[in-house]
Amino acid sequence: MDSEGTTCLYINEAIAMSIAFAPYIQVSSPPHTALAIIMSLISTALVLLVPLGLYLYMWSCTHSRSNDPAAAVPPTKWPILGMLPGLVANIYNFHEYSYALLAGSGLNFNGDGPPGAGMRFFITCDPANIQHIFTTNYSNFPKGAEFAAIFDVMAGGFFTIDGELWRLRRMKFVGVIRSPRFADRVAAHCHDKVKNHLLPLLARMASTSTSFDMQEVMARLMFDITAMTVFSVDPGFLSLDMPLIDASLAMDTVMEVGFLRHTMPASLWKTLRWLNIGPERRLHEANRVLRRFVVDTMERRKTNGGQDEDEEVVGDILSLYINDPDYADDDLLCGTLISFMLAGRDTIGTTLPWIFYSLAQNPNVVSIIRNELSPIASHKVARGMGATVIFEPEETKSLVYLRATLYETLRLYPPAHMERKTVVTDDTMPSGHEVYAGDAIYISLYSMGRMESLWGKDCLDFNPNRWLLEDGNKIKYVPSNKFLAFNSGPRMCPGKEIAVVQMKTIIAAVVWNFDLELVESQSIQPKLSCLLQMKNGLMMKLKKREA
Ligand code: HEM
């Protein structure tokens, strides 16, 4: 790195250091009198707002800087503050930075923040350690109380709980999600949405040569499909007039502020929450919007007649909970339903734009997918089923190259790019690293998918063939501790196959009916969020293919 770059890094670390000190200064003078309270509030405001301003300034700077793996150097270990300033200073480059750190340190890295700030951590992408954390010694590595606090919007929902309570709640939904009836239902919603909304919208964009944000279109599509699955109500966000999507934007906010919370000492973000300022104010508003969405949508479902029918017959996710006395608490019901919306919308909605981005850059992959689809499409056209072809879930089930393309995208762009666990009792990892009770463990899925030692010399290439057995007719088995996109061990994603069916339906329809083109001169990079969404969206142009 040049000397200007190094100076910048130190300045950034110094700014970050002042931020990290804030919570400690603030707790030093407890207020006793009215004057002391006022003085304390003023000093709190100064101590918090100045560093916060700087912190947010640094975040905003990140929006004008590009990701540069070469910029990733190990953070300085400052006296008292440990690596916190260095980590904050490099946050703009978070994904590439963690990747470079892990690549340079043999897949594992120990770090810490100031003593007492609860910021001692271990970051890994080593499959042997992942096996240990997610499966072999699973009960020693729950998500933990800090994780639950960070995602308080989903309070009590399955994503944020551990232990026996999680096991019981998982048992309740997993049987339903894995049932063929539920899978058919979701596949039918997806098929209808693609046929009646997505393809007409894309055809309009193609006929007018209009460029559009594919990420936004996919977010709308997945919001509608997931809401149908959860509530049996279609919010109608994917339509030609593109209505305001405040609930969808609120879900993005939850993930962005959740990421910010992960990077701060808990005492800092909790104070900001108490003061209701900055990102915490945005989160508070997002929480309000999401809760209103849940209440309004449940009301619409009732009006549509859903709740008067036998819940067994309705068969949506809400049916599972609506008459369950354990979920009589509104907050718990809301937290649970929001968690399901996130599970379905955020994961697929985040993956699809990366698929279309990768396909637009790899025309050879598009050709192979079309070859795979061709016999099915010809059959449909011969039966006079119209020029625009849509594929049924049953028809795409056996398409291995399409599945390989999905896996390859999830390897390089896992929507949940980072997992967090907490250590219950001191332990030694298979790699020999020691972790101590209370430490946070971060597992970088983003880095894991790019490691040469795991995926070979072509690890950064988009190559679906790596997922195929030699005869090309079967998917190669890759253990989940190496391909972690759907998680591993007892908390493995129960929606994996449902997700694959939906993604296949959507990709097949788009790729068969349209040629994809990226709009030039756009900067594609991940935003700072718990989801690997694109910071600036994905501008594309489509051309209708001739039958
Ligand atoms: C591209 C698609 C998807 C990906 C990559 C994905 C990935 C994941 C991951 C990484 C987790 C673990 C999260 C954690 O515990 O921190 C998870 C859990 C979960 N997923 Fe998925 N998922 C996808 C689609 C879906 C869909 C469509 C559904 C619903 C039908 C779903 C339902 C769930 C549920 C209920 C859990 C919680 C499991 C538990 O905590 O026991 N997922 N998923």
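Residues numbered from 1 in each chain as written. Predicted model: local features only at pLDDT ≥ 70, side-chain atom pairs only at ≥ 80, totals over all residues. Heavy atoms only, no water.

1. Here's the deal with the overall build of the chain
Summing up its helical and strand segments, the chain has 21 helices and nine strands in all. When the 547 residues of the chain are sorted by exposure, 55% land in the buried category. On the chain, roughly 23200 Å² of surface is accessible, and the fraction owed to carbon and sulfur atoms is 58%. (Helix = DSSP H or I, 4+ residues; strand = E, 2+ residues; numbered from the N terminus. Buried < 20%, exposed > 50% of the residue type's maximum accessible area, 1.4 Å probe, protein only. Areas by Shrake-Rupley, 256 points an atom, 1.4 Å probe, with all protein chains shown as cover.)

2. Description of the site of the ligand
Lining the immediate environment of the ligand, one finds 21 residues, of which Lys143, Trp166, Arg170, Asn487 and Cys493 sit closest. Residue Trp166 places a side-chain N or O atom 2.9 Å away from an oxygen atom belonging to the ligand. In the model, an oxygen atom of the ligand is placed 3.0 Å from a nitrogen or oxygen of the Glu419 side chain. For the shell around the ligand, the elements supplying multiple residues, two or more each, are α7 (163-177), α15 (330-361) and α21 (496-513). Here the shell around the ligand gets four residues from one element, more than from any other, and that element is α15. Two domains each provide a minimum of three residues to the shell around the ligand, namely domain 1 (3-164) and domain 2 (172-417 + 464-544). (Near = heavy atom within 4 Å. Polar contact = N/O pair within 3.5 Å; in protein donor to acceptor, adjacent residues only side chain to side chain. Domains from an automatic or database assignment.)

3. Observations regarding unusual backbone geometry
For Asn487, which is not glycine, the phi torsion reads 70° and is therefore positive. A residue is classified by how much of its surface remains accessible, and Asn487, at 12% relative accessible area, is buried. You will see that Ser521, though not glycine, has its phi angle at about 60°, which is positive. Along the chain, Ser521 turns up in the loop between β8 (514-518) and β9 (539-544). Under the relative-accessibility criterion, Ser521 is labelled exposed at 81%.

4. Comments concerning the coordination of the iron atom of the ligand
Donation to the iron atom of the ligand from the protein comes from one atom only, Cys493 (SG), at 2.3 Å. Secondary-structure assignment places Cys493 in the loop between α20 (452-455) and α21. (Donors = N, O, S within 2.8 Å, 3.2 Å for Na, K, Ca; no water.)

5. A short note on α15
In a regular helix each residue adds 1.5 Å, so 32 residues correspond to 46 Å; α15 covers 47 Å between its end C-alpha atoms and thus fits that length. Bending of α15 peaks at approximately 25° at the position of Leu342. N-cap assignment for α15: the residue whose side-chain oxygen lies 3.2 Å from the backbone N of Asp331 is Asp329. (Expected span 1.5 Å × (residues − 1). Bend = angle between axes of the 7 residues up to and from the residue.)

6. A closer look at the packing of aromatic side chains
Enumeration according to the criterion identifies 20 aromatic pairs in this entry. Judged by centre distance (6.2 Å) and plane angle (70°), the rings of Phe121 and Tyr442 are edge-to-face. On the criterion of sequence distance, the pair formed by Phe121 in strand β2 (residues 121-124) and Tyr442 in strand β7 (residues 440-444) is long-range, its members being 321 residues apart. Ring centres 6.3 Å apart and planes at 85° place the aromatic pair Phe391 and Trp512 in the edge-to-face group. In this pair, Phe391 sits in the loop between α16 (363-382) and α17 (393-396) while Trp512 sits in helix α21, placing the two residues 121 residues apart along the sequence. Pair check on accessibility: Phe391 and Trp512 agree, each one buried. (Phe/Tyr/Trp six-rings, centres within 6.5 Å; stacked < 30°, edge-to-face > 60°.)

7. Topic: the pattern of salt bridges
A side chain of one charge can pair with a side chain of the opposite charge when the charged atoms of the two come close. By the definition in use, this model includes 26 salt bridges. The residue Arg370 makes a salt bridge to Asp515 at a minimum N-O spacing of 3.0 Å. You can see Arg370 sitting in helix α16 and its partner Asp515 sitting in strand β8, a full 145 residues away along the chain. Owing to a relative accessible area of 15%, Arg370 belongs among the buried residues under this scheme. Looking at Asp515, the relative accessible area reads 33%, which means it is partly exposed. (Salt bridge = Lys/Arg side-chain N within 4 Å of Asp/Glu carboxyl O.)

8. Quick word on the nonpolar core
Among the nonpolar cores identified, the biggest contains 155 residues, and Leu198, Phe231, Leu352, Phe356, Leu359, Ile506 and Ile507 are the most heavily contacted of them. Among the elements that line this core, the one with the most residues is α15, at 15 residues. Each of domain 1 (3-164) and domain 2 (172-417 + 464-544) contributes no fewer than three residues to this core. Once residues within four sequence positions are removed from consideration, Ile506 is found in contact with Cys190, Val194, Leu198, Met218, Leu221, Met222, Leu352 and Phe356. (Core = buried A, V, L, I, M, F, W, Y, C linked by side-chain atoms within 4.5 Å. Contact = heavy atoms within 4.5 Å.)

9. Topic: the sheet that holds strand β4 (residues 418-422)
Spatial ordering of the open sheet is given by β1-β2-β7-β4, a layout of four strands whose pairing is mixed. The strands lining the two open edges of the sheet, one partner per strand, are β1 (108-111) and β4. Each strand axis lies, on average, 20° off the axis of its neighbour in the sheet, ignoring direction. Where β2 meets β7, four bridges bridge the pair, whose relative direction is parallel. What sits directly across from Thr124, in β7, is Ile443. (Pairing = 2+ DSSP bridges. Axes fitted to C-alpha atoms, helices over the stretch in contact; angles between N-to-C directions.)

10. Observations regarding helix α8 (residues 180-207)
The terminal C-alpha atoms of α8, which comprises 28 residues, lie 38 Å apart, in line with the 40 Å expected from a rise of 1.5 Å per residue. Residue Val194 marks the point of greatest curvature in α8, where the axis turns by about 40°. Positive backbone phi, approximately 50°, marks Ser209, located one or two places after α8.

11. Quick look at the UniProt feature "binding site: heme" (unreviewed entry) in the chain
As annotated by UniProt and renumbered to match this structure, "binding site: heme" (unreviewed entry) occupies Cys493. Look at Cys493 and you get partly exposed, because its relative accessible area is 29%. In this structure Cys493 touches Arg178, Phe486 and Asn487, once residues within four positions along its chain are discounted. (UniProt positions renumbered as here; feature names shortened; annotations may be inferred.)

12. Let's talk about the confidence of the model for the chain
In the predicted model, the chain carries a mean pLDDT of 86, and 84% of its residues have values of at least 70. The model gives residues 13-47 a pLDDT under 50, and that stretch makes 45 contacts with residues more than four places away or in other chains. Confidence drops under a pLDDT of 50 for residues 57-71, and excluding neighbours within four residues, the segment shows 32 contacts in the predicted structure. (pLDDT = per-residue confidence, 0-100.)

13. Structural notes on the sheet that holds β9
Spatially, the three strands line up as an open sheet ordered β3-β9-β8, and their pairing is antiparallel. Whereas interior strands pair on both sides, the edge strands pair on one side only; in this sheet they are β3 (212-213) and β8. Sheet analysis places β3 next to β9, joined by two bridges and oriented antiparallel. Its bridge partner being in β9, Asp213 is matched across the sheet by Met539. The strands that α15 touches are β8 and β9; relative to β8, the one it contacts most, it runs at about 90°. Strands β8 and β9 of the sheet are contacted by α21, whose axis makes an angle of about 90° with β8.

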